[in-house]
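# Understanding the architecture of this molecule
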There are 2 protein chains.
Amino acid sequence: MKNLKIGIIGAGPSGLAMLRAFEAEEKKGNPIPEIKCYEKQDNWGGMWNYTWRTGVGKYGEPIHGSMYKYLWSNGPKECLEFADYTFSDHFEQTISSYPPREVLFDYIQGRIRQSNARKYIQFNTVARWVDYIEGKKQFRVVFDNLVENTTFEEYFDYLVVGTGHFSTPNMPYFKGIDNFSGSIMHAHDFRGADQFTGKDILLVGSSYSAEDIGVQCYKHGTNSVTISYRTNPIDCKWPDGIKEVPLVTHFDGDTAYFKDGTSKRFDAVIFCTGYQHKFPFLPDNLRLKTKNCLYPDGIYKGVVYNDNTQLIYLGMQDQYYTFNMFDAQAWFARDYMMGRIAVPEKSLREEDIAKWMEGEANCGTSCDHVDFQTEYIRDLMAPTDYPDFNLDKVAEMFKSWLLDKEENILTYRDKIYTSVMDNTKAEKHHTPWMKELDDSLERYLEEIPADEKELSKVNYY
Amino acid sequence: MKNLKIGIIGAGPSGLAMLRAFEAEEKKGNPIPEIKCYEKQDNWGGMWNYTWRTGVGKYGEPIHGSMYKYLWSNGPKECLEFADYTFSDHFEQTISSYPPREVLFDYIQGRIRQSNARKYIQFNTVARWVDYIEGKKQFRVVFDNLVENTTFEEYFDYLVVGTGHFSTPNMPYFKGIDNFSGSIMHAHDFRGADQFTGKDILLVGSSYSAEDIGVQCYKHGTNSVTISYRTNPIDCKWPDGIKEVPLVTHFDGDTAYFKDGTSKRFDAVIFCTGYQHKFPFLPDNLRLKTKNCLYPDGIYKGVVYNDNTQLIYLGMQDQYYTFNMFDAQAWFARDYMMGRIAVPEKSLREEDIAKWMEGEANCGTSCDHVDFQTEYIRDLMAPTDYPDFNLDKVAEMFKSWLLDKEENILTYRDKIYTSVMDNTKAEKHHTPWMKELDDSLERYLEEIPADEKELSKVNYY
């Protein structure tokens, strides 16, 4: 164990959870393996590390982040709270249930800053290529130091992949889109609603991106938002100014035509058509190949790659639970790599995966999905010492959140919830979300007065 | 020689020149090595293969193309003509000296379609990682088949890198740009002027991209174009509506501030700040590390990598000459790999490179640069059987083109030149460039009448 070498790719919420899991062990006075973590970006936080850039970054690598200005949590913070570091621990004041991005990023950093995690991370360093060396039973990983424009290799006994799956856009082609003359982008490249003020925009897709970008644009003064769905509408009670239509059939110039025979001219099209799981640095026999779902095939307990059990994936599931799910996975992975949790032989692992996949297939509603992921996390946590918390109550909060959104998509962020970690009841925010145009940490925490001139621009309901 | 294996990465103008060079040899009845070519895109033509997409492509790879709608050649076609396949051979009619993109793409394809080149190319396949295997004296190259999501490896005696260097944006940071609320893009992601109609736009940079995007936007009805230069202005006689200012110091909201103390509000910023030479698939000891220049350090005759002479780079120079320079390089590389051209030992190669680099350093004017690249091509062509052509006359045309642009940036594309390959004098185009809004092949060749409604939108001078 002493000489076990572990490589972690990515220092976002998953990679940081992995580092935190080892740190917790070390703090108990136990020996831990040799750990190295590599992060493509120049800071930790993964998706929460906002950038103004789109396309490729300073060093020509595809941009990781899909965050935009004015992004506020779209689920209650009480559902994603760390069991070992609460919001009260961090902010020492009660806050609302739906903080903006900067506030959540601050929270993530708070926990990890208390540790020595940063010393394990090499930033601006991208994994280029992985070979599994049969003779050594190790992975050779080639890394690229983007700042120096140099490459180097490392050997690891276990490789932990925490590179996320909301970074590589899935962008379908529609006939005529090539001649659309307005701006065309994927949600991944959306950086804020401002440039769409007064415009008529089309969002293609019906998941979180479409819902949230649509509402943000409405809030910040877009003239009209049209959301085009493939199978089912989001089906909220939309305000005037947002409407849903069936799928685009084609474009002719700047006009989009829809399956129901209607058409409309647009200034911009934003593809909210999801993301691909993409691992360009892995040979295909180590690649997780899956669509976005709650239980991807090929990883035992959602973590251990079934065809090579020295390879670990974190956070590859579709997510109701986020930060605390990554923790549960990281604690499980740590105990597995350290030899405390044994995994059964391959065919039994396959059976277990199949059983869970069948469970997902049998889910009918969003509430079923919440229950499914709740059970998954309960199963993961059982053999570890990750601090226990009331998962049933979190599941209840998720279900209540689903209803809140259905009831009013513009006000659900004004609701408050109670922490299952320390029973802190959130505080109603000083400003209703629809009236709050400043998403800075300062404004959120210190109650800087709102800018009345800015406010006058809002489509306030 | 019979078993020599050659891998070519990229099927753009450089890779196609390499295939064409081998084909020319084969047509003479001579044996040629085993050749395989891999192309990331779904078609050949490299930069000339236009896509509406930006950011990453269908399979999540960074988009190669930087082409936009309404892109017309910015140099006389007589300067880039193939010596073995003239414009007259292809079009069988005289055309103007400055054709639009689609017409040039058609020309490139015309030559290569006469060969069996396509059978050597595997499309939608990206080079992931290259190792030089000392024991075998070969390259192991791992490729990724994007459609199948599978990887495979190949071994080559020579590796030819023709992946271009106008694909990976160089995008500097300016203070405050993160809060600019309009659209921000690099020239690489510019797909046409239409979305800027009536807008005030800022172009940062002073090379071809800034010049051409500025003029295109002016032509298509942008309200104002401001070009911000770092060192020297482009210094054309700009029409009202385009002006040059010194470098941006910072942004505050949507206002840019310049070094001369002036400032202006903008709707959009387009970074025309150049490109990086980027080879993510190569270990750093095989990577060409250079800025954009006429004679990059480290490649003998601009082609043979000095630290490993089994590695060939094509088209890595800054370019006055394009297609016929790639040909000269490909013919040289072919004869070198086939053992007909010997290269001296390393220190002598270094001396030769240093001599050429000094030559470039001694150039003072654009005309000097033209002469320098002319001599480079003459040197390359001498030992090969690439059809000889009058390089001095091409150099003269380049110099004349430089003057034309200086004289009038809006009308230089209406000038005509005479082919040095077959003495064909170009024809004045049916429509002055500033009045021509349709850049299709059909309109160009068949004289479809111009759309008068479209014409009324033009900022005609």
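Above this text sits the structure in question.
Reading guide: rules and limits
- Residues numbered from 1 in each chain as written.
- Chains lettered and ligands numbered in written order.
- Predicted model: local features only at pLDDT ≥ 70, side-chain atom pairs only at ≥ 80, totals over all residues.
- Heavy atoms only, no water.
- Helix = DSSP H or I, 4+ residues; strand = E, 2+ residues; numbered from the N terminus.
- Rg over C-alpha atoms; globule rule 2.2 N^0.38 Å.
- Buried < 20%, exposed > 50% of the residue type's maximum accessible area, 1.4 Å probe, protein only.
- Contact = heavy atoms within 4.5 Å.
- Areas by Shrake-Rupley, 256 points an atom, 1.4 Å probe, with all protein chains shown as cover.
- Lys, Arg positive; Asp, Glu negative; His and termini not counted.
- Charge placed at Lys NZ, Arg CZ, Asp CG, Glu CD.
- Buried area = accessible area lost by both parts, 1.4 Å probe.
- Salt bridge = Lys/Arg side-chain N within 4 Å of Asp/Glu carboxyl O.
- Polar contact = N/O pair within 3.5 Å; in protein donor to acceptor, adjacent residues only side chain to side chain.
- Nonpolar A, V, L, I, M, F, W, Y, C, P; charged D, E, K, R; others polar.
- Least-squares fit on C-alpha atoms with pLDDT ≥ 70 in both.
- Patch = residues over 30% accessible without salt bridge, like charges linked within 9 Å, V, L, I, M, F, W, Y side chains within 5 Å.
- Pairing = 2+ DSSP bridges.
- Axes fitted to C-alpha atoms, helices over the stretch in contact; angles between N-to-C directions.

Before going further, it helps to examine the overall build of chain A. For chain A, the count of helices and strands is 10 helices and 20 strands. Computed over C-alpha atoms, the radius of gyration of chain A comes to 22 Å, within 12% of the 23 Å expected from 2.2 N^0.38 for 461 residues, which places it in the range of a compact globule. If you line up chain A on its principal axes, its C-alpha atoms span 60 × 50 × 50 Å. Counting only residues that meet the buried cut, chain A has 63% of its 461 residues in that class. Residue pairs at least 24 apart in sequence account for 66% of intrachain contacts in chain A once pairs closer than 6 positions are excluded. On chain A, roughly 17800 Å² of surface is accessible, and the fraction owed to carbon and sulfur atoms is 46%. Charge separation in chain A, taken as the distance between the mean sites of 52 positive and 69 negative side-chain charges, equals 3 Å.

What follows deals with the interface of chain A and chain B. If you look at the interface, chain A gives 47 residues, while chain B gives 47 residues. For the chain A face of the interface with chain B, the top three residues by lost area are A:Trp52, A:Trp129 and A:Asn149, together amounting to 17%. At the boundary of chain A and chain B, one finds six salt bridges. With its nearest N and O atoms 2.8 Å apart, the salt bridge here joins B:Asp131 to A:Arg140. Put simply, chain A and chain B have 26 residue pairs in polar contact (both at pLDDT 80 or more) between them. When contributions to the side of chain A that touches chain B are tallied by element, the ones reaching two or more residues are strand E4 (125-133), strand E5 (138-145), strand E6 (150-156), strand E8 (168-169) and strand E9 (183-186) of chain A. Its residues placed into classes, the side of chain A that touches chain B shows 19 nonpolar, 13 polar and 15 charged.

In screw terms, the move from chain A to chain B is a rotation of 180 degrees and a rise of 0.0 Å along the axis, fitting with an RMSD of 0.0 Å. Overall, the copies show the geometry of a two-fold rotation axis. No C-alpha of chain A lies nearer the rotation axis than that of A:Gly55, which sits 2.0 Å from it. A share of 100% of the interface residues of chain A reappears at the interface of chain B, consistent with the copies meeting face to face through the same patch.

This part is about a negative patch on the surface. All names here are of chain A. On the surface, Asp297, Glu345, Glu350 and Glu351 cluster together into a patch of negative charge. Take Glu350: it is sitting in helix H6 (residues 346-361). Given a relative accessible area of 43%, Glu350 falls into the partly exposed group.

Residues and elements named next belong to chain A. The sheet contact formed by strand E13 (residues 248-252) and strand E14 (residues 255-258) spans four bridges and is antiparallel. In the strand pairing of E14, Val248 is matched with Phe258. Connecting E13 to the antiparallel partner E14 that follows it, the hairpin turn spans two residues, and Gly253 within it adopts a positive phi of roughly 60 degrees.

Moving on, we get to the sheet that holds strand E12 (residues 242-245) of chain B. All names here are of chain B. Here we have five strands laid out as an open sheet, ordered E9-E16-E10-E11-E12, and parallel in their pairing. At either end of the open sheet lies a strand with only one pairing partner, and these are strand E9 (183-186) and E12. With direction set aside, neighbouring strand axes in the sheet form an average angle of 20 degrees. When E9 meets strand E16 (residues 268-271), the two strands line up parallel, connected through four bridges. When the sheet's bridge partners are listed, Met185 is paired in E16 with Ile270.

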